[in-house]
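Overview (structure and organization)
Residues per chain are reported as follows:
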Amino acid sequence: MPHTSNYIDSQVAILYASQTGNAESISYNIYEDAVKRGFSASWHVLDDYEKFKFNELRTVVFVVSTTGDGDPPDNSARFWRVLRKATRSNTSAYSHLRFTILGLGDTNYSNFCNTAQRLDKQLLAAGATAFYPKGLADDATGLEETVEPWIDGLWPALAQVAQCSQQDVDQATDQLSKLDVSTDAQEPEATKVQISQPLLLDFQHMAQLTSITGVPRASAPVCSVVYVDEKSPRDISSGAVDMVSCPPWYKDLLNSNCNDPSLTPFISTIVSAKQITAPEALKRTLVMDLELSDTDSQHVKGCWRAGDAFNIYAPNDTALVAAIIAKLGIKAHDAQRPLHLEKKDAKMELPAHLRRFTTAAASIQDILLWSVDLSSLPRKPLLRALAEYCSENSDRQRLLYLCSKQGLKTFEALRAHMPTILDLLHAFPSCTPPPERLIELLPPLAPRSYSICNAPQMDATKWRIAFNVVEYELEIEDPFSRSEDSSSAAPALHRVSRRGVCTPWLEQLAKSGSKSRILVAKRPNLNAFHLPALADIPQRPVLMVGPGTGVAPFIGFLEQRFKELQQSADAAPFTWLFFGCRSSVLDYLFKADIQQFVDNKTLSRLSVCFSRDSDARAQLAAEKYVQDAMLKHADEIADLMLNQNALLFVCGDAKGMGKDVNDALATIVCMYAAKHPHIIPSLLESLPKSKLPVDLDASQLSKAQALQVLMQWSVQKRYVRDLWA
Ligand SMILES: Cc1cc2nc3c(=O)[nH]c(=O)nc-3n(C[C@H](O)[C@H](O)[C@H](O)COP(=O)(O)O)c2cc1C
């Protein structure tokens, strides 16, 4: 069975002209099938052309019969007059139209399928494009002989057409040219990601239901808009800051009152950036140097340490914002007009992130760029609210279904796509919420945090971050790929490209070559992820586990330690780094720096793992993952942690590595306890009494107890983790 889905432009009109009902019923079946397959379909008789606004349609499937002596059916007579008038001597009247025709006729009559033939000729002459060859079905031999295979072939053809909407592309391009921001012009071809991705959702189950339950109540709108007669907010700071890289209201943020003044946002300049992975590596990792300027960042100077992270305020993708503006039908001028938000009702409260716009003017375009998250996982209240803004009942019903108990599977499939709000608007094309409603429904756009990978002891005026440019592909099971007779075959996969908000933007700024100034703020270091000063822990061993960009803060730790050692007469305490990457040659981050720390004895021991480089593993007797290396050295690690009061730091991905390392550590503690049972009583005694299991057996340590030991280390700040999702 061919598959189709909700596409970038899934709107399709099924239009018919029928004398005795054949074309009518065949076209209705096509319409029903189209809706089930996720298209936003409508079905009309040709003479209702005023109702369905024929001149505005972009994708049309005609099903027309012939009657009399090669004449069109009566219920298309008026349509023909209008069509003739519109196309007379205008060769581009329908250049926006993509169409296909299924003609019904009978070869016993002299003008076989004359209506379909004429329609085809006339539309082509008026600039329209046939997206699928016409089918001519013969009643003399049986209509179904042609109709059925023709319909089977229609779906993939329609799917292809729906992948791209020329109008949206044109509009988005037009809007973009009006945006005063840089586009992805310098972006290499390989990094380009389609602005909108089709969603592959199966709504067939919906058609069998008579009712749905569990749909939440739609929230009431809270915002209204008042356009203000003042200069665009873009002009407020012209000349002071590159507008690409700061929200127009950044000055308010610089003066915002934080409880901890060191957390107040400031402007920082990107000084340089370089890619530190090989071009063939799976991910691009960049190291970026930023400057703390003299004026803006006095409050941060002297307040940051290796192990801290800075928040970066990044905007949404400009092309995405432009496409949303186009999809909502907002004219460029209106999108850039300054406005205030007001409460619709005095008793209601605006969402916190929009409150500033009650007093400070901003445009819809800037709010969409800087204030709302366009890529967060859709929640049911959002879908429920969007259902209220659909002009087509099929879109409304599908959105309500997604919020219902019965639609849970389809809702989960929707979330698996990680859709942007643009993907949703395209999937439900008649949904056009007012912009002020859309922004109040979307969550705030949070700044993104990056660990600093240098130490102020080296240079307090510069900070450095390392990050992977977030671009990835989701693989989603195609719900239409399993036909009834081939249920055992593996389902086809639908691939969806996604990219992060901040890192592609930072890369773009870096490529622009100019010294962009961006808004940043120190993030509170709640875990105290810092290396204590050498003077405070002169001989305490330090273990660091940081695969991939998780190594970043440890480069800062080692810089700090290197400086401290230069100023100290004491011998370097034991320091051990566990680092992991895919390949010894493609993505061994900070290789030269790490080697230097080994050479100058700042780093006593180094364990590097290569997850996808079996040659390097064999040559260097290396492990695959950091947790493997830890288990390999279980005795030493246990001894350091249990007998030498070592400090253990872990940084990186929470879900995979963070959990695996924690598990490995618990195993290490259990293994050591099994070999040295005499330590068990004192270990158990160190745990809070409330956490101990009732059936306390002091002769062996269970995994659960080992995990409690790790928890206790965390409380004591001996096992400190900085993990990210
Ligand atoms: C009175 C009459 C005249 C017809 N004239 C033609 C004709 O000129 N050319 C043709 O190809 N088919 C002709 N047909 C065949 C129909 O187009 C065919 O039966 C078709 O399936 C009818 O579809 P409908 O029920 O949607 O009108 C004619 C049928 C009838 C009953």
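Scope of this entry: the structure provided in the associated data block. Please read all numbers here as calculations on a predicted model, not as lab measurements. (Residues numbered from 1 in each chain as written. Predicted model: local features only at pLDDT ≥ 70, side-chain atom pairs only at ≥ 80, totals over all residues. Heavy atoms only, no water.)

As a matter of local geometry, the ligand sits amid 21 residues, with S18, Q19, T20, T66 and D139 nearest to it. The contact in question runs from an oxygen atom of the ligand to an N or O atom on the backbone of A23, over 2.8 Å. A distance of 3.5 Å separates an oxygen atom of the ligand from a polar atom in the backbone of L104. Across the complex, the protein chains shield 84% of the 640 Å² of accessible surface that the ligand would expose by itself. Elements with a minimum of two residues in the shell around the ligand: α1 (22-36) and β4 (98-105). (Near = heavy atom within 4 Å. Polar contact = N/O pair within 3.5 Å; in protein donor to acceptor, adjacent residues only side chain to side chain. Areas by Shrake-Rupley, 256 points an atom, 1.4 Å probe, with all protein chains shown as cover. Helix = DSSP H or I, 4+ residues; strand = E, 2+ residues; numbered from the N terminus.)

We now examine the packing of helix α11 (residues 380-387) against helix α12 (residues 393-403). If you want to describe how two helices pack, look at the angle between their axes and the distance between the axes. Here α11 crosses α12 at 160°, and the two axes come no closer than 8 Å. Of the possible angle classes, the one that applies to α11 and α12 is roughly antiparallel. The interaxial crossing formed by α11 with α12 has left-handed handedness. Facing α11, whose interface residues are K380, L383, R384, L386 and A387, α12 presents R396, L399, L400, L402 and C403. Here the contact of α11 with α12 is composed, by residue class, of seven nonpolar, no polar and three charged. (Axes fitted to C-alpha atoms, helices over the stretch in contact; angles between N-to-C directions. Parallel < 35°, antiparallel > 145°, perpendicular 65-115°, else oblique. Left-handed = near helix turned anticlockwise from the far one by under 90°. Contact = heavy atoms within 4.5 Å. Nonpolar A, V, L, I, M, F, W, Y, C, P; charged D, E, K, R; others polar.)

The pairing of strand β18 (residues 575-581) with strand β19 (residues 605-610) spans six bridges and is classified as parallel. Bridge pairing in β19 places F578 opposite S607. (Pairing = 2+ DSSP bridges.)

Let us now look at the pattern of salt bridges. Across all of its chains, the model carries 25 salt bridges by this definition. The closest approach of N and O atoms between E507 and K511, which form a salt bridge, is 3.7 Å. With a gap of four residues between them, E507 and K511 both fall in helix α16 (residues 502-512), about one helical turn apart. By relative accessible area, which is 5% here, E507 ends up buried. Here R561 ties to E564 by a salt bridge, and the two come within 3.3 Å at their closest N and O atoms. (Salt bridge = Lys/Arg side-chain N within 4 Å of Asp/Glu carboxyl O. Buried < 20%, exposed > 50% of the residue type's maximum accessible area, 1.4 Å probe, protein only.)

Let us now look at a nonpolar patch on the surface. On the surface, L377, M418, V470 and Y472 cluster together into a nonpolar patch covering about 290 Å² of accessible area. With respect to the element layout, Y472 can be found in strand β14 (residues 471-477). (Patch = residues over 30% accessible without salt bridge, like charges linked within 9 Å, V, L, I, M, F, W, Y side chains within 5 Å.)

A few words on the packing of aromatic side chains. This model, assessed by the stated rule, comprises 28 aromatic pairs. A connected cluster of aromatic rings, assembled from ring pairs, spans F52, F54, F62, F79, W80, Y94 and F99. Between R118 and the ring centre of W80, over which it is positioned, the NZ or CZ distance is 4.4 Å. (Phe/Tyr/Trp six-rings, centres within 6.5 Å; stacked < 30°, edge-to-face > 60°. Lys NZ or Arg CZ within 6 Å of the ring centre and 35° of its normal.)

Here we take up the sheet that holds strand β13 (residues 462-468). Sheet architecture is open: six strands sit in the order β12-β10-β16-β8-β9-β13, paired in antiparallel fashion. Each end of this open sheet is capped by a strand with a single partner; those strands are β12 (448-451) and β13. Strand-to-strand twist in this sheet, taken as the mean axis angle between neighbours without regard to direction, amounts to 40°. Where strand β9 (residues 285-292) and β13 come together, seven bridges link them in antiparallel fashion. By the bridge assignment for β13, D289 is matched with R464. Packed on one face of the sheet, α16 meets β8 (266-275), β9, β10 (309-312), β12, β13 and β16 (517-522) and runs near 120° to β13.

So, about the sheet that holds β19. The strand order across the open sheet formed by five strands is β19-β18-β17-β20-β21, and the pairing between neighbours is parallel. Either end of the sheet is taken by a strand with one partner, and the two such strands are β19 and β21 (719-724). The sheet shows a mean angle of 10° between the axes of neighbouring strands, taken without regard to direction.

Turning our eyes to something else, we now look at unusual backbone geometry. The phi angle at A528 is positive, at roughly 55°, despite the residue not being glycine. Tracing the chain through its elements places A528 in the loop between β16 and β17 (542-545). Its relative accessible area of 33% is what places A528 among the partly exposed residues.

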